[in-house]
Amino acid sequence: MSPPEKNQPFQQQRYGRYVGVLGLLILALITLNTLLSKPNGARGIPVGQHTAPFAVPLALSDLSGDSDVATRANEGAAGKHPACQLRGPRILNLCELYEHNPVVLALFVNSGACPEVLTDMQRLLGQFPGVRFAAVEVKGHRNALRQLVRSRGLSFPVGYDEDGALAAIYRLASCPQLTFLLPGGTVQSEALLTTPPIATLRARVSGLEAAARARGFR
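Residues numbered from 1 in each chain as written. Predicted model: local features only at pLDDT ≥ 70, side-chain atom pairs only at ≥ 80, totals over all residues. Heavy atoms only, no water.

Student: How should the sheet that holds strand β5 (residues 158–161) be read in this particular structure?
Tutor: Sheet strands pair via backbone hydrogen bonds, and the direction of the pair is either parallel or antiparallel. If you trace the five strands from one edge of the open sheet to the other, you get β5-β4-β3-β6-β7, paired in mixed fashion. Bordering the open sheet on either side are β5 and β7 (187–192), each of which pairs with just one other strand. Between one strand axis and the next, the sheet turns through 20° on average, direction left out of account. Across five bridges, the pairing between strand β3 (residues 103–108) and strand β6 (residues 177–181) is antiparallel. Along β6, the bridge assignment pairs leucine 107 with glutamine 177. The strands touched by helix α3 (residues 116–125) are β3, β4 (132–138) and β6; relative to β4, the strand with the most contacts, the crossing angle is about 165°. Of the strands in this sheet, β3, β4 and β5 touch helix α4 (residues 142–151), which is tilted by about 165° from β5. (Pairing = 2+ DSSP bridges. Helix = DSSP H or I, 4+ residues; strand = E, 2+ residues; numbered from the N terminus. Axes fitted to C-alpha atoms, helices over the stretch in contact; angles between N-to-C directions. Contact = heavy atoms within 4.5 Å.)

Student: Would you take a moment to explain the side chain of serine 189 for this structure?
Tutor: Mapped onto the fold, serine 189 is located in strand β7. Owing to a relative accessible area of 13%, serine 189 belongs among the buried residues under this scheme. The contacts of serine 189, once residues within four sequence positions are left out, are Val47, Phe180 and Arg204. (Buried < 20%, exposed > 50% of the residue type's maximum accessible area, 1.4 Å probe, protein only.)

Remember that the coordinates give geometry; whether it matters functionally is a separate question.
Spelled out as C-alpha cells, the structure:
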C-alpha cells in the first residue's frame, strides 16, 4: 500500500511457509501458556527500547491484508513502505498513536478470558484522556473479532494482525500482552503478561501518564 493511496489494500501473502508455520507455533504456545497461566519467560520488548512500528487494518474496516512492519522502504517481507507512513481511516498505525501521546497497547487472541482486558481498557478510557489505548488481535477470525468489538462497545482502535507478524516481533508468549509506551514509542515499563485486576491496570496507566508528564507531555 503506498502512502498517497491510503485506501489501497495491504500487500497480500508476503510471508513464506516458514513464517506461517512459526506464527502457528507461537500461537499454540500462547494458548498453552494462557491455559496454564504461567508465562514462559518472554517479557515483550525491553524497557527503554523503542517499540517496533506497525500498521494493520482496523477490525471494523473493509481493509484486508498482511501487517506492515517495515522500518524503511522496500524491506522485503516486512513491507514495501515504512509502516509509520501508512495512515488512513481504515488503518491502526502505532506510530500515529505514540507521536504525541503515551500509549497502552494490548496484543491478544480472541479465546478464553483473554479479551476481558479489553473491557477494562474501555472502562479506563475516560479516566485518562491523554493516554491512547489500542489493541490488536493476532490471527484468529475477523468476523468473530468484529462481533467482539461491537458487543463490548469498544471505542478505542482495535486492529487485526492477519498473518501473525506481531507475535514474533513483540515476543508474544502469553495472552494478553500489555505494552506501555511513552510519547515517541519508547517502552516505559515491563509488559503485563496476564489480565491484571483493573486496579493494577489503572495504577500502571497512571504511572505511564506520570512518566510522560515528567518528560514534558501535556
